[in-house]
Amino acid sequence: MLKVNPKTKKILVPIISILAGFLVGALIMLIWSYNPFEAYASMFSSALGNMNGIGETIREATPLIFTAIGFAIASSAGFFNIGLPGQAQAGWLTSIWVVLANPNMPKALLLPLAIIAGIAAGALVAGIAGWLRAQFGTNEVITTIMLNYIVLYSCQYLMQQIMPKTMRIDTDTTKTIAANGSLKIDWLSSMFGDSRINAGIFLAIIGVFIYWYLMKKTTTGFEIRSVGANPFASRYAGMSTKKNILYSMLLSGGFAGLGGVVQGLGTYQNYFTQTTSLDIGWDGLSVALLGGGTAIGILLAAILFSILKIGGLGMQTIAGIPYEIVSIVIAAIIFFVAIQYVIGLLFKNKRVTASDSQQEEKIASTQDKAPSATSTEGGRN
């Protein structure tokens, strides 16, 4: 076992999980007589080798950031929200509907309205599961699974039976939204080789910051984490467990709904009938796990998954390797992340030696003797 400090161990474990996933994929390629070096070279070349590929990689990562944040918030509260696909789909259809219903509204009003409506739709779906858990102790895994199916077929019914025909091309596809309700930015798309990258990436960066600030700097975030860590102790401390359950699920669903909004208003510019749950929901769950629930971890993990998704197409067209290999690599990475406890056994926490303790005491005493420096940086402490 290698001796490392806890922070280093926290970084090394997901890195080893990723490398192990790629290794498993390489072994499978070798078994079927494919060249793994050529495969992975074509993967990264397709995803990062030109501006169009980079733009598509960023575009693919954007909704995953939102759904991953949604899962991470619920996970911090001690819940396993696997209703992300349904919450994202609700946000997608709602935002498109709002834009199509108001074709002449100014963009400054319509776009924020559509985004807020999509967030609210996702929060509403997740809020149902949260309310059932808070009031009756219902298992959120069961309710969110059921809600995925309810949303899937409800959206199909709403689009085919309720949505006005003037908004649809046929029973399965809506009309393309107008520019006044779109997240598409022409100069940004042109900069990245006419890819489908859109303003959603800016929303994602803001979302990552909001998530970090919410969970680390606010009372609400502290209470959510406290309820997740120990609901009995948090209740004894005067925190409302029911309130924080509902808050965490509403926030979780809101972020997931925003992932669907980006898909609709940014990537596809319309809504079309879904035959199964959205992949961005399941992939977002994996991204959150790989990123360890941290803001920067989620951002990096989303980019990695996007490289795998976009680059996988290059593996298929350039190296002639089946796209299913990419799915195997992703599954392997998730597997190794899931057993990160076992991988963690490769490392042993490094003990703090006497010299280290003396050094820390020396630094502390030096800081105590320098009031001017501490007063200058007091805001940061």
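Look above for the structure.
Residues numbered from 1 in each chain as written. Predicted model: local features only at pLDDT ≥ 70, side-chain atom pairs only at ≥ 80, totals over all residues. Heavy atoms only, no water.

Peer 1: Break down the overall build of the chain for me, citing the residues and quoting the values.
Peer 2: For the chain, the helix and strand inventory stands at 17 helices and two strands. Burial status across the chain gives 47% buried among its 381 residues. The long-range fraction of contacts in the chain, counting pairs at least 24 apart against all pairs at least 6 apart in sequence, stands at 77%. Carbon and sulfur atoms make up 65% of the accessible area of the chain, which totals about 19,200 Å². (Helix = DSSP H or I, 4+ residues; strand = E, 2+ residues; numbered from the N terminus. Buried < 20%, exposed > 50% of the residue type's maximum accessible area, 1.4 Å probe, protein only. Contact = heavy atoms within 4.5 Å. Areas by Shrake-Rupley, 256 points an atom, 1.4 Å probe, with all protein chains shown as cover.)

Peer 1: Can you tell me about the packing of aromatic side chains, naming the residues and giving the values?
Peer 2: Scanning all chains against the criterion turns up eleven aromatic pairs. Consider the rings of W131 and F136, whose centres lie 5.4 Å apart with planes at 85 degrees: the pair is edge-to-face. In this structure W131 comes out as partly exposed when scored by relative accessible area, which is 42%. Members of the aromatic cluster, connected to one another through ring pairs, are W92, Y268, Y271 and F272. (Phe/Tyr/Trp six-rings, centres within 6.5 Å; stacked < 30°, edge-to-face > 60°.)

Peer 1: Lay out empty space enclosed by the protein in plain terms, naming residues and giving numbers.
Peer 2: By the definition in use, this model includes one cavity of 30 Å³ or more. For the lining of the largest cavity, the secondary structure elements donating two or more residues are α12 (279-290) and α14 (324-338). No other element matches α14, which puts four residues into the lining of the largest cavity. The class makeup of the residues in the lining of the largest cavity is seven nonpolar, one polar and no charged. (1 Å grid on protein atoms, 1.4 Å probe; cavity = no way out; pocket = protein on both sides within 12 Å on 5 of 7 lines; lining within 4 Å. Points joined across faces, edges and corners; volume = space filled by probe spheres on them. Nonpolar A, V, L, I, M, F, W, Y, C, P; charged D, E, K, R; others polar.)

Peer 1: Hey, could you go over the layout of surface pockets for me, with residue numbers and the actual values?
Peer 2: Picture a little ball the size of a water molecule; that probe, rolled over the atoms, points out where space is still empty. Computed from the structure, the largest pocket encloses a volume of approximately 700 Å³. Around the largest pocket, the lining comprises 27 residues; the ones closest to its centre are P14, L290, G291, G292 and T294. Of all the elements in the fold, those that place two or more residues in the lining of the largest pocket are α1 (6-31), α3 (51-76), α12, α13 (295-317) and α14. Sort the elements by how many residues they give to the lining of the largest pocket and α1 lands first, with seven residues. Of the residues contributing to the lining of the largest pocket, the split by class is 17 nonpolar, eight polar and two charged. What the second largest pocket holds in volume is close to 480 Å³. Taken together, 20 residues line the second largest pocket, and the ones lying closest to its centre are R59, E60, Q263, Y268 and D279. For the lining of the second largest pocket, the elements supplying multiple residues, two or more each, are α3, α11 (241-268), α12 and α13. Of the residues forming the lining of the second largest pocket, the biggest block, four residues, is contributed by α3. Grouping the constituent residues of the lining of the second largest pocket by class yields nine nonpolar, four polar and seven charged.

Peer 1: Please give an account of unusual backbone geometry that cites residues and values.
Peer 2: The backbone phi angle of D194 is positive, close to 60 degrees, even though this residue is not glycine. The topology assignment puts D194 in the loop between α7 (186-191) and α8 (200-217). Non-glycine residue Q269 carries a positive phi angle of around 65 degrees. Tracing the chain through its elements places Q269 in the loop between α11 and α12. For Q269, a relative accessible area of 13% corresponds to the buried category.

Peer 1: Lay out the environment of P103 in plain terms, naming residues and giving numbers.
Peer 2: For P103, the position within the fold is in the loop between α4 (84-101) and α5 (107-136). Assessed through its relative accessible area of 48%, P103 is described here as partly exposed. Considering only alpha carbons, one finds P103 and G181, 78 residues apart in sequence, at a separation of 8.1 Å.

Peer 1: Go over the side chain of N180, please, and point to the residues and values.
Peer 2: One can find N180 in the loop between α6 (140-162) and α7. Within the structure, the side chain of N180 is placed 3.0 Å from the backbone oxygen of P103, a separation counted as a polar contact. (Polar contact = N/O pair within 3.5 Å; in protein donor to acceptor, adjacent residues only side chain to side chain.)

Peer 1: An account of α12 is requested, with residue identities and associated values reported.
Peer 2: Between the first and last C-alpha of α12 there are 16 Å, a value that for twelve residues agrees with the 16 Å anticipated at 1.5 Å per step. Most of α12 is tucked away: nine of the twelve residues are buried. All buried positions along α12 are accounted for by I280, G281, D283, G284, L285, S286, V287, A288 and L290. Following α12 by one or two positions, G292 adopts a phi angle in the positive range, close to 65 degrees. (Expected span 1.5 Å × (residues − 1).)

Peer 1: Which residues make up α14, and what values go with them?
Peer 2: Its 15 residues give α14 an end-to-end C-alpha distance of 21 Å, which sits within 8% of 21 Å, the value for a rise of 1.5 Å per residue. Taken together, the buried positions of α14 are occupied by I325, V326, V329, I330, A332, I333, F336 and V337. Buried residues along α14 cover an arc of 160 degrees about the axis, so they all sit on one side. Residues of α14 that are exposed and angled more than 90 degrees away from the buried face: E324 and A338. (Arc of directions from axis to C-beta.)

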